[in-house]
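Working through the structure, step by step
Take a look at the letters that make up each chain.
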Amino acid sequence: MPAPDVSATARLAVFAPLENRGRAETITRRLADAISLGLLADGEQLPSEPELAARLKVATVTVREALGELRGQGLIVTRRGRGGGSFVRAPERDERVERLRRRLHDLTVADLRDLGDHYAALAAGAALLAAERASPEDLEHLEEAVEAFAGAAGAERSYHADGRFHVEVAAAAQSARLTREEIRMQTEIGPLLWLPGADGHTRRRLDRQHREIVAAIAAEDGERAARLAREHVNEAVERLVELHLGLVEP
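Please read these numbers as outputs of a predicted model, since none were measured by experiment.

Another point: the nonpolar core. Looking at soluble globular proteins, one finds that nonpolar side chains tend to be buried together. Core analysis: the biggest nonpolar cluster contains 38 residues, and Phe-165, Val-169, Ile-189, Leu-192, Leu-193 and Ile-217 have the highest contact counts within it. For this core, the elements supplying multiple residues, two or more each, are α5 (93-106), α6 (109-133), α7 (136-150), α8 (154-172), α9 (176-193), α10 (200-218) and α11 (222-248). With nine residues, α6 is the single largest residue contributor to this core. The residues contacting Ile-189, other than those within four sequence positions of it, are Leu-115, Gly-116, Tyr-119 and Val-237. Listed in part, the 24 residues of the second largest apolar core include Val-58, Ala-66, Leu-70 and Ile-183.

Considering all chains together, one arrives at two cavities of 30 Å³ or more under this definition. Lining the largest cavity are 13 residues, with Asp-162, Trp-194, Leu-206, Ala-236 and Arg-239 positioned closest to its centre. The set of elements that each furnish at least two residues to the lining of the largest cavity consists of α8, α10 and α11. For the lining of the largest cavity, the element with the highest residue contribution is α11, accounting for four residues. Here the residues of the lining of the largest cavity sort into seven nonpolar, four polar and two charged. The calculated volume of the second largest cavity comes to roughly 50 Å³. Every residue along the wall of the second largest cavity is listed here: Ala-123, Ala-126, Ala-127, Phe-165, His-166, Val-169, Glu-182, Ile-213 and Ala-229. The set of elements that each furnish at least two residues to the lining of the second largest cavity consists of α6 and α8. Its residues assigned to classes, the lining of the second largest cavity comprises seven nonpolar, one polar and one charged.

You can see Arg-23 is positioned in the loop between α1 (8-14) and α2 (24-37). Taking relative accessible area as the criterion, Arg-23 reaches 30% and is therefore assigned partly exposed. Along the chain, Arg-23 and Leu-67 lie 44 residues apart, while their C-alpha atoms are 12 Å from each other.

Reading the values: rules and limits
- Positions within a chain are numbered from 1, following the residues in the order the chain's sequence is written.
- Per-residue local features of the predicted model are confined to residues with pLDDT of at least 70, and side-chain atom pairs are confined, for both listing and counting, to 80 or more; whole-chain, interface and lining totals are unaffected and use all residues.
- Side-chain metrics in this entry use all non-hydrogen atoms of the structure; hydrogen atoms and water are not considered.
- Within this scheme, the nonpolar core is defined by two criteria: the residues are buried Ala, Val, Leu, Ile, Met, Phe, Trp, Tyr or Cys, and they are joined through side-chain atoms within 4.5 Å.
- Residue exposure (1.4 Å probe, protein chains only): buried if accessible area is under 20% of the type maximum, exposed if over 50%, otherwise partly exposed.
- Counting from the N terminus, the helices are the DSSP runs of H or I reaching at least four residues and the strands are the DSSP runs of E reaching at least two.
- By the convention used here, residues are in contact when the closest approach between their heavy atoms is within 4.5 Å.
- Every definition here rests on a 1 Å grid over the protein atoms only: cavities are sets of points where a 1.4 Å probe fits but cannot get out, pockets are open sets enclosed by protein on both sides within 12 Å along at least five of seven lines, and lining residues have some atom within 4 Å of a point.
- Grid points are joined across faces, edges and corners, and a volume is the space filled by probe spheres set on the points.
- Under the scheme applied here, ten amino acids are nonpolar (Ala, Val, Leu, Ile, Met, Phe, Trp, Tyr, Cys and Pro), four are charged (Asp, Glu, Lys and Arg), and all others, including Gly, are polar.

By themselves, these are just geometric observations and shouldn't be taken as functional.
Set out below in structure tokens:
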């Protein structure tokens, strides 16, 4: 399966050098996050171990350890021989949804609001910087992300398209660190936010919010972009809190 159509900045953040060398668990988490978010597509071949080691600036043995952990989690498969290598294996939807519902049940409302505050602050900061720094190419990627969400069919595709939109906003802020943090937050709370689902009215509202955020970024109105991004996230968190209360109430 071909790689998803995301900006080069977003994909480069996945394979950027590690801040701390020799951290197999950091590589595992970063690649697992990218797979969960759809930045690395189901069936996509990963770079070879030597190439990954060179990109991440770690020893090959560290990459091998991380890939072994990803195999253990069922997120990649490795084939030997000609045409072999390590290939992404996205988790089955039913398995993932059931795991997410169990996780949501175990969280408290305070946990969810704390996660939401962190995510809203991150989204607002990224939108503010994007309004100051976005290039014409960044704006093109943002428009593509908006249209990808508008044309997405089903909850799974919509979740990935919504996640991609937020990652592209962070990428437009011209910060690899901010983009990686957005990817991490998307995989931590993004799948949960889509558990309540989205009816036609909600999808249209999300689409309108995406377009308003991009318009503010294009107009270099950082204050408005930040406010819209924060409101967008806060509304999603409120829908999630309602679902959580329905799961835990007798």
